[in-house]
Amino acid sequence: MARDASAGRQGQVAWRQLRKNRLAMAGGSVVLLLGAVALCAPLLAPYDPAAYDVKQILLAPGPQHWFGTDQLGRDVLSRMLYGARISMAVGFVSVGIAVLLGTLIGTLAGYYGGRVDELLMRFVDLMLNFPRLFLLLTLIALLRPSIWVIMAVIGFTGWMGLARLVRGEILSLREREFVQGARALGAADARIMVKHILPNALVPVLVSATLGVAGAILTESGLSFLGLGVQPPTPSWGNILIDGKANIEIAWWLSAFPGLAILATVLAYNLLGEGLRDALDPRLRQ
Amino acid sequence: MLAYLIRRVLITIPLLLGILCLSFLMLKLAPGEPTIIQQDLQARATGAQRETLRQLYGLDKPIYVQFGRWLWRVVRLDFGRSYSPDGRPVLEKIAERIPITLGLNLLETVIIFSLAVPLGILSATRQYSVFDKATTVFVFVGFATPDFWLALLVMILFGVQLGWLPISGLRSLNFEYLSFGAQVWDLAAHLVLPLLVASVGGLAGLSRYMRGSMLEVIRQDYMRTARAKGLAESVVVYKHGVRNAVLPVVTLLGLMLPGLLGGAVIIETVFAIPGMGQLFYQSAFSRDEPVLMALIVIGASLSLFGNIAADVSYALVDPRIRVAKRREV
């Protein structure tokens, strides 16, 4: 009971801190807005994103097509609205995978220490020294790109930082009195880890996950741009940019708008993440 | 120090082996085989011919035998021949591209450091000023800007709309017929846009880091002492402050090495620059395993070497670490 109340108070303090941070609030609003847009894409899109019209090829932005049309006469705005779904989905699922893996490995390494720690952290070192883009490109090229492969590959190559972070937190929590107390009462290792230690290590994980979504969206769009992301005809911000590159001499709007969307999204998540860190970490507050 | 260095190198060897083993497994366990792609190109190839190809490449042997053989050849710096139709030795294919990627990265690093250090110092000494805020905005936007998109934008602006700069390759078609001076000029013009795009992300990160480092130093006691001695503010900042603040930043050089090849993939692909990144991209698509493995070996070694270099340089510039390490070893 007492812990719940203090956790609630902590949350309130953090929320008050966050509200004072105008940049973080702006970032948070954009994040919410983007989420809503992605969810409501079918309602908001003025056209069918896949409907092509040979009479409307490469139209510049105008009242009919706000963001213009592409080389098949498809409406760019509609394609971008549906593309937001892909970006959000890839961002959340891949970060989810990374958080699960990173937390699991970091907790095990930090809690058990010794040989387990040595082994797991060497594996982290190994993964960290794999040139990441090489790993991504090779895996996706070998497995043939699909949205599931992309989510999995981004997640499985992005958990190492989190594992180190969680391990550090666990190491500092492991010997604290409340953990020793739980151990003295005969609680099992798993229970101590999940019930007593992990909740206290959640703040850095949350911050890192928020920043991670930004990173994953950036990575996905980069892969799409290299032709190894979400495959056409499914629209994604990255693969609209491929069309932008193909028509670079005549259709600037194909390049400008999707890139701007990526930039705004990544910026918003980064601002929110930094704001969360400042608000949630009492050590930084003084 | 020497003992520390040796120990550091020794723990790196199993890491490198692990990376090699993992990447080899990854290539071998993935569905399909390179001979299938070659066969697709040759519609009349029979099953028997395919079997001959497999034997030729040793693909009929168990994986561990293949790995052992491959590793033994790598130790002797023999990466075999490319699977692509030209069939050239892998090392030769890579060697002709190394100077391009390395040169680009060297220039990029020089640009980043020479801009980021003053930028960081200025925004730290004028914390919360308009300049500092503008730099902070640049940093956040720079972090969030996809490099391939920035590349498209500068190509549209400077290449297509204004027509000032070439947007692909390293040389013009008539390069051979130009005088030496004109050749240098031509090369420089081709380098401007790739370097501009490649530098933005690193510049944002490093200037932020420099600012943080400088802010930390400014609050130190020795800065107050220097001021109390009556030294001029410029001497305090530049002689006592910058010297200490710049050290941790310099050690970052080593940590930038791993990003070198990864960043090259996108920049070289967008700007059609025939470097190692472009080679990797092409090889991943055509599943040219010998080339892929060789590039992974190089990439991973660079990354591991960078880590060692960063640790060692940190120990060199900071006596406290040196002493601690000596006790540890």
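Here the residue index of a chain counts from 1 through its sequence in written order. As they are written, the chains are lettered A onward and the ligands numbered 1 onward, keeping that order. Residue-level local features of this predicted model are given only where pLDDT is at least 70; pairs of side-chain atoms are given and counted only at 80 or more, and the full residue set underlies all totals for whole chains, interfaces and linings.

## What to know about the overall build of chain A
Right, on to step 1. Strands are runs of DSSP state E lasting at least 2 residues, helices are runs of H or I lasting at least 4, and numbering of each runs from the N terminus. Counting its regular elements, chain A contains 14 helices and zero strands.
Right, on to step 2. Along its sequence from the N terminus, chain A presents helices and strands in the succession α-α-α-α-α-α-α-α-α-α-α-α-α-α.
Right, on to step 3. Projected onto the principal axes, the alpha-carbon positions of chain A cover approximately 75 × 45 × 30 Å.
Right, on to step 4. The exposure label follows from counting other C-beta atoms within 10 Å of a residue's C-beta, where the C-beta atoms are placed from the backbone and the thresholds are 20 or more for buried and 12 or fewer for exposed, leaving partly exposed in between. Counting only residues that meet the buried cut, chain A has 45% of its 286 residues in that class.
Right, on to step 5. Residues are defined as contacting one another if the C-beta atoms placed from their backbone atoms lie within 7 Å. Contacts spanning at least 24 positions in sequence make up 71% of the contacts within chain A whose residues lie at least 6 apart.

## Focus on the interface of chain B and chain A
Right, on to step 1. In this assembly, 36 residues from chain B lie in contact with 33 residues from chain A.
Right, on to step 2. For the side of chain B that touches chain A, the secondary structure elements donating two or more residues are helix H1 (2-29), helix H7 (130-144), helix H8 (147-161), helix H11 (233-270), helix H12 (276-286) and helix H13 (289-317) of chain B.
Right, on to step 3. Classification convention: Asp, Glu, Lys, Arg as charged; Ala, Val, Leu, Ile, Met, Phe, Trp, Tyr, Cys, Pro as nonpolar; all other residues, Gly among them, as polar. Residues belonging to the side of chain B that touches chain A are distributed by class as follows: 29 nonpolar, six polar and one charged.

## Re helix H9 (residues 177-184) of chain A
Right, on to step 1. With respect to burial, H9(A) is a largely exposed element, only zero of its eight residues being buried.
Right, on to step 2. Positive phi shows up at Gly186(A), right after H9(A), with a value of about 90°.

## Quick notes on the packing of helix H12 (residues 237-246) of chain A against H8(B)
Right, on to step 1. Where H12(A) meets H8(B), the axes come as close as 11 Å, and the angle between the chain directions of the two elements is 25°. On the basis of their axis angle, the class for H12(A) and H8(B) is roughly parallel. Once H12(A) is placed against H8(B), the crossing between them reads as left-handed. Contacts from Leu241(A), Gly244(A) and Lys245(A) in H12(A) reach Phe148(B), Trp149(B) and Leu152(B) in H8(B).
Right, on to step 2. Of the residues assigned to the contact of H12(A) with H8(B), the class counts are four nonpolar, one polar and one charged. Axis angles are defined between N-to-C directions and span 0 to 180 degrees, where every axis is a line fitted to C-alpha atoms and, for a helix, only to the segment in contact. Roughly parallel here means an angle under 35 degrees, roughly antiparallel means over 145, roughly perpendicular means 65 to 115, and every remaining angle is called oblique. Crossings are classed by handedness, with left-handed meaning an anticlockwise turn of the near helix from the far one by less than a right angle and right-handed meaning a clockwise turn.

## What about the confidence of the model for chain B?
Right, on to step 1. Residue-level confidence of the predictor is summarised by pLDDT, bounded by 0 at the bottom and 100 at the top. Scored by pLDDT, chain B comes out at a mean of 82, with 90% of its residues at no less than 70.
Right, on to step 2. Listed scores for the predicted complex are pTM 0.84 and ipTM 0.83.

## Considerations on the nonpolar core
Right, on to step 1. Core analysis: the biggest nonpolar cluster contains 135 residues, and Met80(A), Leu137(A), Ile140(A), Ala151(B), Phe280(B) and Leu295(B) have the highest contact counts within it.
Right, on to step 2. Broken down by element, the residue count for this core peaks at 16 residues, all from helix H13 (residues 252-280) of chain A. To count as a nonpolar core, a set of buried Ala, Val, Leu, Ile, Met, Phe, Trp, Tyr and Cys residues must be joined through C-beta atoms within 7 Å.

## Things to note about the environment of Leu185(A)
Right, on to step 1. The topology assignment puts Leu185(A) in the loop between H9 and helix H10 (189-197).
Right, on to step 2. In this structure Leu185(A) comes out as exposed when scored by C-beta crowding, with 8 C-beta atoms within 10 Å.

## Concerning helix H6 (residues 132-143) of chain A
Residue and element names in this part refer to chain A.
Right, on to step 1. Helices are assigned an expected span. That span is 1.5 Å times one less than the residue count. Between its first and last C-alpha, H6 extends 16 Å over 12 residues, near the 16 Å set by a 1.5 Å rise per residue.
Right, on to step 2. With 10 of its 12 residues buried, H6 lies for the most part within the structure.
Right, on to step 3. Among the residues making up H6, those that are buried are Arg 132, Leu 133, Phe 134, Leu 135, Leu 136, Leu 137, Thr 138, Leu 139, Ile 140 and Ala 141.
Right, on to step 4. Directly beyond the C-terminal end of H6, a positive phi value near 70° is found at Arg 144.

## Here we look at the environment of Leu81(A)
All names here are of chain A.
Right, on to step 1. Relative to the elements of secondary structure, Leu 81 occurs in helix H4 (residues 76-112).
Right, on to step 2. According to the C-beta neighbour criterion, Leu 81 is buried, with 24 such atoms within 10 Å.
Right, on to step 3. As a C-alpha pair, Leu 81 and Gly 106 span 25 residues in sequence and 37 Å in three-dimensional space.
Right, on to step 4. Once you skip the residues sitting within four places of it in the chain, Leu 81 turns out to touch Val 37, Ala 41, Leu 44 and Ala 45.

## Digging into the environment of Arg122(A)
Residues and elements named next belong to chain A.
Right, on to step 1. Within the secondary structure, Arg 122 sits in helix H5 (residues 114-129).
Right, on to step 2. Judged by the 14 C-beta atoms lying within 10 Å of it, Arg 122 is partly exposed.
Right, on to step 3. Spatially, the C-alpha atoms of Arg 122 and Arg 164 are 11 Å apart, while their sequence positions differ by 42 residues.

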